[in-house]
Amino acid sequence: MADVQPTPGQAADRARVPSPARGGPKPWDMLDELVRTGVVAPDRAESVRRARKRSGAELAGILLQRRLAGPEEIARARAEVLGVQWADLAVHPPDRRLLDTLGTTQAIRLGVVPWRRLGRATLIVAPSRALFEAALPALEAAFGRCHLAIAEAEAITAAILAQKRVSLTRLAETRVPLLDSCRALFQSRWEGLVVALAVGLPLALVFAGGPLLLIATGWAVLTLLATAALKLAAALHALLPAARAPADLRELTTATLPRISILVPLYQETDIARHLLARLQKLNYPRDRLEVILVTESEDFTTRDTLAATPLPHWFRQITVPPGRVKTKPRALNFALDHCRGTIVGVYDAEDAPEPDQLLHVAGGFAHAASDVACLQGRLDYYNPDQNWLSRCFTMEYAAWFRVVLPALAAFRLPVPLGGTTLFFRRAALEELHGWDAHNVTEDADLGLRLTRRGYRTELIDTVTYEEANCWAWPWVRQRSRWLKGYALTYAAHMRRPAALWSDLGPWGFLGVQLIFLCTLSQFLLAPVLWSFWFILLGWGHPLLPFLPEGAFAWLIGLFLGSEVIGFSLVALGLRRTRHRGLWRWMPLLLVYFPLGTAAAYKAAAEVIGKPYYWDKTVHGAALAPES
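Caption draft 1: Molecular detail of the overall build of the chain. Secondary structure assignment for the chain yields 24 helices and 12 strands. When burial is assessed residue by residue, the chain has 54% of its 628 residues classed as buried. By sequence separation, contacts in the chain at least 24 residues apart represent 78% of the contacts at least 6 residues apart.

In structure tokens, the structure reads:
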């Protein structure tokens with residue numbers, strides 16, 4: 001590797017570059033330096049000393065939280081105290097060859113950047129000596145002898161992104177291997193199959209309507225039986241006593257709490273972004289073990305301008321995702337993943353209002369969980385159930401799903417289609433799975449299935465995040481169509497190699513995939529076929545009556561009624577576990593609510609053919625959560 005000749009200023013500083021020895025000046029020296037340079041007033045410095053002694057928090061964190069010094073001022077003071085160079089990376093960017101040697105992803109994960117060669121040593125820019133020393137084994141393996149220079153963390157990130165924006169964007173979109181991603185679907189026989197179905201079904205209806213209707217009815221009845229059986233099993237499981245008591249949060253100590261990184265993807269957010277910041281600041285978790293990364297899109301000036309005008313706590317960071325071939329939430333999460341410092345990685349949405357002690361439940365849950373538990377899913381609920389009839393129905397549906405169905409799937413060791421928020425992962429497992437599929441519009445359900453295929457489990461924890469219920473019919477259909485389209489893409493992607501799926505999951509897990517994905521899609525798409533039988537009660541004819549054996553119609557009506565009773569039972573059981581018990585009076589409205597899903601299913605089917613990777617953004621902000 002060729003040496004880079006230092007500038008005159010760097011040559012003058014060469015004598016100041018110490019070896020990376022352990023120990024060194026106390027943190028008070030940096031505060032004294034800030035006082036000496038006039039950044040911090042002496043009386044404010046005494047207040048900082050008392051706060052540092054009382055809380056044990058990091059000095060830089062206190063200074064930033066109280067807005068007594070900015071990141072660059074702290075970095076300059078730290079460099080002066082350590083006797084090393086402060087690196088102005090905007091004026092003197094890192095050597096691209098050195099960055100290639102270390103690896104871009106590795107540099108981002110370590111939080112450092114190799115800057116330039118000085119003789120036989122390499123100058124490494126880090127935000128602190130502690131971070132430099134933590135990265136030293138990897139740095140010495142790549143470069144040999146290394147020396148420290150200081151810059152603020154944001155400047156290091158910006159310098160890396162300035163040089164590697166294109167490759168990092170491509171990585172975010174292709175992080176999941178091709179054969180595990182739905183992006184390969186339309187490069188294979190599935191594209192031909194989808195087109196054949198789109199053309200063939202209308203022709204079959206014209207020339208063979210009777211037999212096709214009989215087949216469709218048989219499949220609809222079979223999948224209805226299967227889903228009713230799964231719901232009944234979930235309801236019976238909900239009646240059993242809890243298998244394990246919740247973790248005792250009193251056992252947790254600050255010393256044992258893991259570092260948690262929270263990713264919050266934002267797009268086209270204004271007021272809700274400000275309210276989100278207020279709610280996340282209520283989280284009861286040590287700030288030196290928590291970071292919140294706000295992930296924005298480069299062309300989303302609405303959100304970026306909102307955040308620029310909003311003072312962020314020192315434990316918040318903002319990562320901006322460059323434009324790419326797709327614009328989806330999982331792509332944004334992939335781009336931000338390597339910037340996380342925590343051993344636990346969580347995801348919140350913009351409208352979320354988590355319970356204040358939620359992260360303590362996460363820490364306790366992982367502390368007591370088996371090693372194969374890679375994900376903890378919190379429960380989702382709504383803070384605007386009384387806005388209108390649709391928000392009430394949405395709240396009842398979520399009560400059944402998160403309080404009854406998902407716990408049963410986890411207990412039955414079936415794949416758990418995760419919710420898109422209040423998810424917490426062991427970072428090592430998440431990286432082993434290569435993060436999220438950037439092309440899947442229900443990346444959460446896909447990731448839940450991939451976790452199970454890799455031998456990991458998901459458990460639900462008894463903590464709630466409140467969201468805004470989508471309470472207008474067309475936005476609800478748009479949101480649900482994206483979910484159903486994602487289910488279809490997930491099912492198609494994993495069923496490309498059914499033998500491999502069987503091998504990974506075994507017969508029981510393979511059956512679960514059919515129940516959760518195939519049967520759900522079939523029920524929404526074929527619901528009109530089943531509805532048609534209700535017309536017989538009105539005295540109308542039905543084209544299948546001549547083909548049905550005696551007593552079949554009565555049996556079908558009994559199946560329909562039994563399925564509805566089981567569905568209402570799930571809702572009632574779920575509501576009993578929420579603060580919305582009074583909503584049971586509105587349960588009959590579900591008979592009007594669920595047919596909206598069929599409209600969403602046909603919209604999803606059309607988009608699978610026309611625009612499979614299009615992310616139909618859900619607009620939030622009509623109802624903001626209370627701040628208390």
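Caption draft 2: Examining the sheet that holds strand 8 (residues 344–347) more closely. Across the sheet, which stays open at both edges, the 8 strands sit in the order 7-6-5-8-11-10-12-9 with mixed pairing between neighbours. At either margin of the open sheet sits one strand with a lone partner, and together these are strand 7 (316–321) and strand 9 (353–354). Where strand 5 (residues 260–265) meets strand 8, 4 bridges bridge the pair, whose relative direction is parallel. By the bridge assignment, Leu263 is partnered in strand 8 with Val347. Packing of helix 16 (residues 389–411) onto the sheet brings it into contact with strand 10 (373–382) and strand 12 (457–467), and relative to strand 10 it is tilted by some 160°.

Caption draft 3: Representation of a nonpolar patch on the surface in the model. Residues Trp389, Trp586, Leu591 and Val592 make up a contiguous nonpolar surface patch of about 380 Å² in total accessible area. Within the element layout of this structure, Leu591 appears in helix 23 (residues 590–593).

Caption draft 4: Structural detail: helix 16. The end-to-end C-alpha distance of helix 16 is 32 Å, a good match for the 33 Å that 23 residues give at a rise of 1.5 Å each. Trp401 marks where helix 16 bends most, by close to 35°. Counting buried positions along helix 16 yields 20 of 23 residues, so the element is predominantly enclosed. The residue sitting at the N-terminus of helix 16 and contributing the capping side-chain oxygen is Asn388; that oxygen lies 3.1 Å from the backbone nitrogen of Leu390. Looking one or two residues past helix 16, Arg413 carries a phi angle of roughly 60°, positive in sign.

Caption draft 5: Summary view of helix 5 (residues 71–82). Taking 1.5 Å as the rise per residue, helix 5 with 12 residues should run 16 Å; its terminal C-alpha atoms sit 16 Å apart, in good agreement. For helix 5, every residue scored as buried is listed here: Ile74, Ala75, Ala77, Arg78, Ala79 and Leu82. Downstream of helix 5 by a residue or two, Gly83 has a phi angle that is positive, lying close to 75°.

Caption draft 6: Looking closely at the pattern of salt bridges. Under the definition given, this model contains 31 salt bridges. One salt bridge connects Arg331 with Glu173, and the closest N-O pair in it is separated by 3.1 Å. On the criterion of sequence distance, the pair formed by Arg331 in helix 14 (residues 329–337) and Glu173 in helix 9 (residues 153–174) is long-range, its members being 158 residues apart. Note on Arg331: relative accessible area 1%, which makes it buried. With a shortest N-O distance of 3.4 Å, Glu459 and Arg457 are connected by a salt bridge. Accessibility assignment for this pair places Glu459 and Arg457 in one class, buried. Connected through shared salt-bridge partners, Arg109, Arg175, Asp338, Arg427 and Glu431 make up one network.

Caption draft 7: Here's a closer look at the environment of Arg76. Inspection of the secondary structure assignment puts Arg76 in helix 5. For Arg76, a relative accessible area of 43% translates into the label partly exposed. Taking the C-alpha atoms as reference, Arg76 lies 8.8 Å from Ala87; in sequence the two are 11 residues apart.

Caption draft 8: Quick peek at the environment of Leu31. In this fold, Leu31 is placed in helix 2 (residues 27–36). Judged by relative accessible area, which is 0%, Leu31 ranks as buried. In this structure the C-alpha to C-alpha distance between Leu31 and Val48, which are 17 residues apart in sequence, comes to 8.7 Å. Here Leu31 is in contact with Val40, Ala45, Val48, Arg49, Leu59 and Leu63, once residues within four sequence places are set aside.

Caption draft 9: Molecular detail of the pairing of strand 10. Judged by how many residues are buried, strand 10 sits mostly within the fold: 10 of 10 residues are covered. The pairing of strand 10 with strand 12 spans 8 bridges and is parallel. Each bridged residue has a counterpart across the sheet, and for Asp381 the counterpart in strand 12 is Tyr466. Relative to strand 11 (residues 423–426), strand 10 is paired through 3 bridges, and the arrangement is antiparallel. Within the sheet, the bridge partner assigned to Cys375 lies in strand 11 and is Phe425.

Caption draft 10: Quick look at the nonpolar core. Counting 115 residues, the largest nonpolar core has Leu89, Val125, Leu139, Leu263, Phe425, Trp436 and Leu451 as the members making the most contacts within it. It is helix 16 that contributes the most residues to this core, 14 residues altogether. Residues within four places of Leu451 in sequence aside, it is in contact with Ala374, Cys375, Leu418, Phe425, Leu433, Tyr456 and Thr458. Among the nonpolar cores identified, the runner-up in size contains 30 residues, and Leu266, Leu290, Leu294 and Tyr348 belong to it.

Caption draft 11: Expanded view of the packing of aromatic side chains. Evaluated as defined, the whole model comprises 16 aromatic pairs. Each ring, one from Phe533 and one from Phe560, has its centre 6.4 Å from the other, and the planes form 55°; the classification is tilted. On the criterion of sequence distance, the pair formed by Phe533 in the loop between helix 20 (498–531) and helix 21 (534–537) and Phe560 in helix 22 (residues 552–576) is long-range, its members being 27 residues apart. Grouping residues by exposure puts Phe533 and Phe560 together as buried.

Caption draft 12: Summary view of the packing of helix 16 against helix 19 (residues 473–494). Packing of helix 16 against helix 19 leaves a shortest axis separation of 11 Å and a crossing angle of 30°. Taken together, helix 16 and helix 19 sit at an angle that is classed as roughly parallel. You can see that helix 16 and helix 19 cross each other, and the crossing is left-handed. Along its contact with helix 16, which presents Leu390, Phe394, Glu397, Tyr398 and Trp401, the element helix 19 presents Ala473, Trp476, Gln479, Arg480, Trp483 and Tyr487. Along the lines of polarity and charge, the residues of the contact of helix 16 with helix 19 split into 8 nonpolar, 1 polar and 2 charged.

About the thresholds
Residues numbered from 1 in each chain as written. Predicted model: local features only at pLDDT ≥ 70, side-chain atom pairs only at ≥ 80, totals over all residues. Heavy atoms only, no water. Helix = DSSP H or I, 4+ residues; strand = E, 2+ residues; numbered from the N terminus. Buried < 20%, exposed > 50% of the residue type's maximum accessible area, 1.4 Å probe, protein only. Contact = heavy atoms within 4.5 Å. Pairing = 2+ DSSP bridges. Axes fitted to C-alpha atoms, helices over the stretch in contact; angles between N-to-C directions. Patch = residues over 30% accessible without salt bridge, like charges linked within 9 Å, V, L, I, M, F, W, Y side chains within 5 Å. Areas by Shrake-Rupley, 256 points an atom, 1.4 Å probe, with all protein chains shown as cover. Salt bridge = Lys/Arg side-chain N within 4 Å of Asp/Glu carboxyl O. Expected span 1.5 Å × (residues − 1). Bend = angle between axes of the 7 residues up to and from the residue. Polar contact = N/O pair within 3.5 Å; in protein donor to acceptor, adjacent residues only side chain to side chain. Core = buried A, V, L, I, M, F, W, Y, C linked by side-chain atoms within 4.5 Å. Phe/Tyr/Trp six-rings, centres within 6.5 Å; stacked < 30°, edge-to-face > 60°. Parallel < 35°, antiparallel > 145°, perpendicular 65-115°, else oblique. Left-handed = near helix turned anticlockwise from the far one by under 90°. Nonpolar A, V, L, I, M, F, W, Y, C, P; charged D, E, K, R; others polar.

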